[in-house]
Amino acid sequence: MLNHLLIYCRAGFESEAASEISTRAAELGFFGYPKFSPNRAFVLFHLTGQQGAPELMEQLKFRRLIFARQWVACTDPLSNVSTKDRITPLLAAADGLPQSAELFVETADTTDGRNLNSFARKFGSALSGAMRQAGLMLPRKQRANWRTHLFVIDGQTFWLGVSPIKNSCRWEQGILRLKFPPSAPSRSTLKLEEAWHWFVPKADWQAKIESGRTAVDLGAAPGGWTWQLVNRNMFVTAVDNGPMSEELMDSGQVDHRREDAFTFKPNKPVDMLVCDVVEKPSQVTELMAKWAVNRWSTILIFNLKLPMKQRFNEVESCLEQLQSILAEAQLSYKLEAKHLYHDREEITVYLELN
Ligand SMILES: C[S@@+](CC[C@H](N)C(=O)[O-])C[C@H]1O[C@@H](n2cnc3c(N)ncnc32)[C@H](O)[C@@H]1O
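This structure is a prediction, so every number in the text was calculated from the model and none was measured.

Here's the deal with the packing of aromatic side chains
How two aromatic rings sit relative to each other is given by the distance of their centres and the angle of their planes. Enumeration according to the criterion identifies twelve aromatic pairs in this entry. For the ring pair Phe62 and Trp198, a centre distance of 6.2 Å and an interplane angle of 85° mean the geometry is edge-to-face. One end of the pair, Phe62, is in the loop between α2 (53-59) and β4 (70-74); the other, Trp198, is in helix α6 (residues 189-199), and 136 residues separate them in sequence. Each member of the aromatic cluster is reached from another via a ring pair, and the members are Phe62, Trp71, Trp171 and Trp198. One Lys or Arg, Arg63, reaches over the ring of Trp198 and ends 4.0 Å from the middle of that ring. Over the ring of Trp205 we find Lys202, and its NZ or CZ is 3.9 Å from the ring centre.

A word on the side chain of Thr107
Counting through the fold element by element, Thr107 comes out in strand β5 (residues 100-107). Only 3.3 Å separates the side chain of Thr107 from the backbone oxygen of Gly113, close enough to count as a polar contact. In this structure the side chain of Thr107 is engaged in a polar contact, spanning 2.8 Å, whose partner is the side chain of Asn117. Here Thr107 is in contact with Gly113, Arg114, Leu116, Asn117, Ala120, Phe151, Val152 and Gln173, once residues within four sequence places are set aside.

Examining the pairing of strand β2 (residues 32-35)
In the sheet, β2 pairs with strand β3 (residues 42-47) via four bridges, with the strands oriented antiparallel. The residue bridging Pro34 from the neighbouring strand is Phe45, located in β3. Hairpin geometry of β2 and β3 is characterised by an intervening segment of six residues between the two adjacent antiparallel strands and by a positive phi of about 65° at Asn39.

Remarks on empty space enclosed by the protein
Scanning the entire structure with this criterion turns up two cavities of 30 Å³ or more. Within this model, the largest cavity holds a volume of roughly 90 Å³. Taken together, Ala68, Arg69, Cys169, Trp171, Gly174, Glu194, Trp198, Lys338, His339, Leu340 and Tyr341 make up the full set of residues lining the largest cavity. Tallied by class, the residues present in the lining of the largest cavity amount to six nonpolar, two polar and three charged. Estimated volume of the second largest cavity: approximately 40 Å³. In terms of lining, the second largest cavity is formed by Tyr8, Cys9, Ala41, Arg69, Thr107, Ala108, Asp109 and Gln173. Considered class by class, the residues forming the lining of the second largest cavity number four nonpolar, two polar and two charged.

Examining the nonpolar core
In this structure, Leu150, Leu218, Met272 and Trp291 are the most contacted members of the largest nonpolar core, which totals 111 residues. A domain-level breakdown of this core finds at least three residues from each of domain 1 (4-174) and domain 2 (189-353). Filtering out sequence-adjacent residues up to four positions away, Leu218 remains in contact with Val239, Ala261, Phe264, Leu273, Val274, Cys275, Asp276, Val277, Leu287, Met288 and Trp291. Of all hydrophobic cores here, the second largest spans ten residues; its members include Tyr8, Leu44, Cys74 and Phe151.

Some thoughts on the environment of Gly212
For Gly212, the position within the fold is in the loop between α7 (202-208) and β8 (214-218). Spatially, the C-alpha atom of Gly212 lies 56 Å from that of Ser79, the residues being 133 residues apart in sequence. Aside from chain neighbours lying at most four places away, what touches Gly212 is Asn233 and Phe235.

As for the domain arrangement of the protein chain
Under the domain assignment used here, the protein chain contains domain 1 (4-174) and domain 2 (189-353). A straight line from the C-alpha centre of domain 1 to that of domain 2 covers 33 Å. Taken together, the contact between domain 1 and domain 2 spans 19 residues of the former and 18 residues of the latter. When residues of domain 1 are sorted by the area they lose upon contact with domain 2, Arg10, Arg63 and Ile66 head the list and together hold 39% of the total.

Here's the deal with unusual backbone geometry
Residues Ala221 and Pro222 are joined by a peptide bond in cis, for which omega reads 5°. Inspection of the secondary structure puts Pro222 in the loop between β8 and α8 (224-231). In this model, Gln330 sits at a positive phi of 55°, which is unusual for a non-glycine residue. Counting through the fold element by element, Gln330 comes out in the loop between α11 (311-328) and β13 (333-338).

Reading the values: rules and limits
All chains use their own residue numbering, which begins from 1 and follows the written sequence. Only residues with pLDDT of at least 70 get local features here, since the model is predicted, and only at 80 or more are side-chain atom pairs given and counted; chain-wide, interface and lining totals rely on the full set of residues. Each side-chain value is worked out from all heavy atoms of the structure, with water and hydrogens disregarded. Each pair of aromatic rings taken from Phe, Tyr and Trp, with Trp reduced to its six-membered ring, is defined by centres within 6.5 Å and is described as stacked if the planes are under 30 degrees apart, edge-to-face if over 60, and tilted in the remaining cases. The way it works is that DSSP assigns letters per residue, a run of H or I at least four long becomes a helix, a run of E at least two long becomes a strand, and they are numbered from the N terminus. Only when the NZ atom of a Lys or the CZ atom of an Arg is both within 6 Å of the ring centre and within 35 degrees of the ring normal do we say a charge sits over the ring. N or O atoms within 3.5 Å of each other form a polar contact, as long as, within protein, one can give a hydrogen and the other can take it, and as long as residues adjacent in sequence are counted only when both atoms are side-chain atoms. Here a residue-residue contact requires only that any non-hydrogen atoms of the pair lie within 4.5 Å. The pairing criterion for strands is at least two bridges between them, as found by DSSP. Grid points spaced at 1 Å and placed over the protein atoms alone form the basis of the search, with a cavity being a set where a 1.4 Å probe fits but cannot get out and a pocket an open set showing protein on both sides within 12 Å along at least five of seven lines. Lining residues have an atom within 4 Å of a point. Grid points are joined across faces, edges and corners, and a volume is the space filled by probe spheres set on the points. Gly counts as polar in this scheme, as do all residues outside two lists: the nonpolar Ala, Val, Leu, Ile, Met, Phe, Trp, Tyr, Cys and Pro, and the charged Asp, Glu, Lys and Arg. Buried Ala, Val, Leu, Ile, Met, Phe, Trp, Tyr and Cys residues that are joined via side-chain atoms within 4.5 Å together make up what is termed a nonpolar core. We call a residue buried when its accessible area falls under 20% of the maximum for its residue type, exposed when it is over 50%, and partly exposed in between, using a 1.4 Å probe and counting protein chains only. Domain extents, as shown, originate in an automatic or database domain assignment. Note: buried area is the sum, over both parts, of the accessible area (probe 1.4 Å) each one loses when the two are combined.

Printed below as a string of structure tokens:
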């Protein structure tokens, strides 16, 4: 039975990922306990009831999870695998899994994990060949509901499992690797680009992140997020007391206002609001609620900086605070949050009003 749910997360956020999956599973009547070691970048949730991980994955939307980069329904771990023949026991374990057409061979996003990458790549291609030969994998182009994952802990310890293609992350290791654009003025730029990739379906990019649209960037300096907006040919009001990159200002698409983000009011509504102000998460939440209730923008993308402790509880409380204000204002909306790969001590929230 696939009664382990393996969750990948950023190293140092295991406790948040564990609290989150325990809470979301319990809300759906699934019980179990999480196991993790600090800084290993993964959590195991062991389901103890009649139903296993695939049943939980049927009822819980992966997008509901903030701290999980990926989830995999796993068998028991394979440990003490002989280095002379690793393939045979893995083929035996793969025999009971739902059929899939692709294999992701992954390691934890840690230094130890990275040191295993070259072994994982080589071994993965040998294993996928052997699985195909043994009839344990569908032809590459065949449609499947599941994807197989081999999570390599070390040369002798593996977790083997599956994730539902339509309810998981499509990127290996749950990580979107983006190239840093050399002309962008700060590394933060990748946070906004990743947010678009995660929250906005590609088919909607044209309509939502389009040439000629208007945006406000709160806490904009030196301009990494503004750079992304300008790069999509948007017109941006950049609000920050700090200096903006001169090159960006030369684009002629940026109006820099040296004002306080908490009192700034746009002259007329804009198409997109982004906010990367470093402030208490509850204050930023309140500010975003004000923008939404006034309909100053219908798409809001913002970061909530996380406190040192009780990070999961703080996130839950901010999102509840926002939802209750939106409900009171009778707004209908889509709200999602994610601890993105390019986020560190913060999460990114996407709010779209209908
Ligand atoms: C993390 S940085 C933003 C980085 C920016 N997103 C980028 O990609 O380059 C946070 C910014 O928020 C600004 N900030 C903090 N409090 C603010 C406030 N009350 N009003 C306006 N800007 C504020 C700071 O000056 C700082 O430039």
